[in-house]
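Topology and contacts: notes
Single-letter residue listing:
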Amino acid sequence: MADLCRGRHLVLLWVLATLVTISSAMPPPNPIKCDQTDCQLSNSYGIWGDRKICHAPKIVYPTTEEELRQELANANKNNLKVKVVTRFSHTIPKLACPGTGDAAVFISTEKYDSTINVDVEKRTATADGGVGLRKFIDTIEKAGLSLVAAPYWEGVTVAGVISTGAHGSSWWGKGGAVHDHVIGLSLIVPANEADGYAKIIKLIPQNPLFNAAKVSLGLLGIISKVTFQVEPAFKRSITYNFTNDSDIEDEFMEHARKNEFGDIQWYPSRRTAVYRYDNRVPLNTSGDGVNDFLGFQSNLILLSKSVRATEKGFENTRNVGGKCTMASSFVSYKKLIGNGLKNNKLIFTGYPVVGPQGKMQTSGSCLYSSPIDITNTCAWDPRIYGLFFYESTAKFPASKFGDFIRDVKKLRDLVKPENMCGVDIYNGFLFRFIKASDAYLGQGEDSVVLDFNYYRANDDLTPRLNQDIWEEIEQMAFVKYGAKPHWAKNRKVAFLDVQKKYPKFNKFIAAKNQLDPKNMFSSEWSDEILFGKRTVKWDGCALEGMCICSEDRHCSPSKGYFCKPGLVYQEARVCRFSSSSSS
């Protein structure tokens, strides 16, 4: 009972704290830290998926496209591996890590962010690869134009956002994936001595390399310029409808067809579906709202640490009820404050919330803060030991998604809904929609993207509460239903046989062999995941999900976890607690 009361008190404190608009807080740490002999790259969570350090002996900061070319030429002459890094670092897999060894260099685009050229007549905008997404959006909005697609988190650069296939939500027009709104890009690639060891190539849709470069994972070269097709400025109107989830498996498709930017949040333990009615409206529509998503706002450091400590306590004591109290309170609060929507830039007063496209499509207010206030920061800032979680994302063909949801509901009924409260403490299951893409590493059909976050232990060998449930859901997604992983998220197990899921994968490899014949941009991660090369030994099946368990030692038998078949998807192999209520 004391734990439950503590959980309620923390939620109340969090509610009161977030009612106050925070004007300043600690900005996120720079992902690069260097000394005289080495530079280490981290992601925004402070730990990579394998929990190992990523480093290179040197980093350079070019400021122009020509300086970018020169740095790649120098690396080519000296037979160095190259990885491009930015001021942001939000990938979970090690896309930006060159691997072990000293023959490598980081090329940062942090200072290559000065140019954005807007052509109002042609409705195009071209930006340096290092330009931040928020700066780009604000610039084109001032010119009377809007970018249609953007991810929900704006802590990315224009080159980074397309490299990993980042997206918003839409089946309308060109769809919700940002790379499908790109109509040109410049790529700096290695060259022979006669061409100065590096050259700039300009790609347009008619070029056969264009569809390889749109989603390239940083493996083809350095993206130096990106040109987007934009549209006349417009506003959006958003309303959230909290309702029962009884027909969600049948209604998701109609919802996507009727709402241009609609999405759905599903809280399975609460049996609640939240339908986002989100559509464009004329620019002269009354309203000056913003989308300041609750999860991306600054939080009191003391509060973030307390919430983490409370959830960790519930995990260690196997207190399902405590986690459900947290989940119920958080979902109720999100409903109360419109999940961060603000009418007229101030507070949430009611639906619909109408505002300019540039203020409604993406958010990340905890990014923009002053170091003066050291009491607030992003809730996951690794310096404060706050929130620490996994993020899994699966892209389903729309035709298969309903059956997947039915399987998850069967699993929920077998294990009892309260055993799924862990995911509802975060954002439940988020459904977003993206159209079929011509990109070789993009989705080949109209798809539903499923995101879900859940607790991550401080120790990679510590089992999680109800671990078997989330492992079975992951295996149903990626194995039974053949979902594709998001390139910038997921544990390593999600990338099993990923090459077979992309019909044009060989075309991407052919483009890579043409543009980077010396494999300067390859890494241990890409060799393992994309090309099947085991340059790094996978040490067993540690609980962090290096592979699917096949025997008890891959789980944690000393702590009561054993490798068992799934409950709904019998072919799944999951780490199940021997006396768990979900057994």
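A brief look at the structure comes next.

Quick notes on the rules
- Residues numbered from 1 in each chain as written.
- Predicted model: local features only at pLDDT ≥ 70, side-chain atom pairs only at ≥ 80, totals over all residues.
- Heavy atoms only, no water.
- Axes fitted to C-alpha atoms, helices over the stretch in contact; angles between N-to-C directions.
- Helix = DSSP H or I, 4+ residues; strand = E, 2+ residues; numbered from the N terminus.
- Parallel < 35°, antiparallel > 145°, perpendicular 65-115°, else oblique.
- Left-handed = near helix turned anticlockwise from the far one by under 90°.
- Contact = heavy atoms within 4.5 Å.
- Nonpolar A, V, L, I, M, F, W, Y, C, P; charged D, E, K, R; others polar.
- Phe/Tyr/Trp six-rings, centres within 6.5 Å; stacked < 30°, edge-to-face > 60°.
- Buried < 20%, exposed > 50% of the residue type's maximum accessible area, 1.4 Å probe, protein only.
- Lys NZ or Arg CZ within 6 Å of the ring centre and 35° of its normal.
- Salt bridge = Lys/Arg side-chain N within 4 Å of Asp/Glu carboxyl O.

1. Details of the packing of helix α6 (residues 248-258) against helix α10 (residues 398-415)
Two numbers describe how α6 lies on α10: the axes approach to 8 Å, and their chain directions differ by 150°. As summarised for this structure, α6 and α10 are arranged roughly antiparallel, according to the angle between their axes. When the axes of α6 and α10 are compared, the crossing they make is right-handed. In contact with Ile248, Glu249, Asp250, Phe252 and Met253 of α6, α10 contributes Ala398, Phe401, Gly402, Ile405, Arg406 and Lys409. Taken together, the residues that form the contact of α6 with α10 break down as 6 nonpolar, 1 polar and 4 charged.

2. So, the packing of aromatic side chains
Taken as a whole and assessed by the stated rule, the structure comprises 29 aromatic pairs. Relative to Tyr426, the ring of Phe389 has its centre 5.6 Å away and its plane inclined at 55°; by these criteria the two rings are tilted. With Phe389 in strand β22 (residues 389-397) and Tyr426 in the loop between α11 (421-424) and β23 (429-434), this pair connects stretches of sequence that are 37 residues apart. Across this residue pair, the class does not change: Phe389 and Tyr426 are buried. The rings of Phe252, Trp266, Tyr390, Phe396, Phe401, Phe404, Phe429, Phe431, Phe452, Tyr454, Trp470 and Tyr481 are connected pair by pair, giving a single aromatic cluster. Residue placement shows Lys111 over the ring face of Tyr61; its charged tip is 5.1 Å from the ring centre.

3. So, the pattern of salt bridges
When the charged atoms of two side chains with opposite charge come close together, those side chains can pair. This structure, assessed with the given rule, holds 36 salt bridges. Note that Glu254 is salt-bridged to Lys258, the shortest N-O span being 3.7 Å. One end of the pair is Glu254 and the other is Lys258, both in helix α6 and 4 residues apart, which spans about a single turn. According to the relative accessible area criterion, Glu254 is partly exposed, its value standing at 37%. Of the residues examined, Lys258 reaches a relative accessible area of 55% and is grouped as exposed. With a closest N to O distance of 3.5 Å, Lys492 and Glu528 form a salt bridge. With a gap of 36 residues between them, Lys492 in the loop between β25 (484-485) and α13 (505-515) and Glu528 in helix α14 (residues 524-529) connect regions that are remote in the sequence. Exposure class is identical for Lys492 and Glu528. Each is buried.

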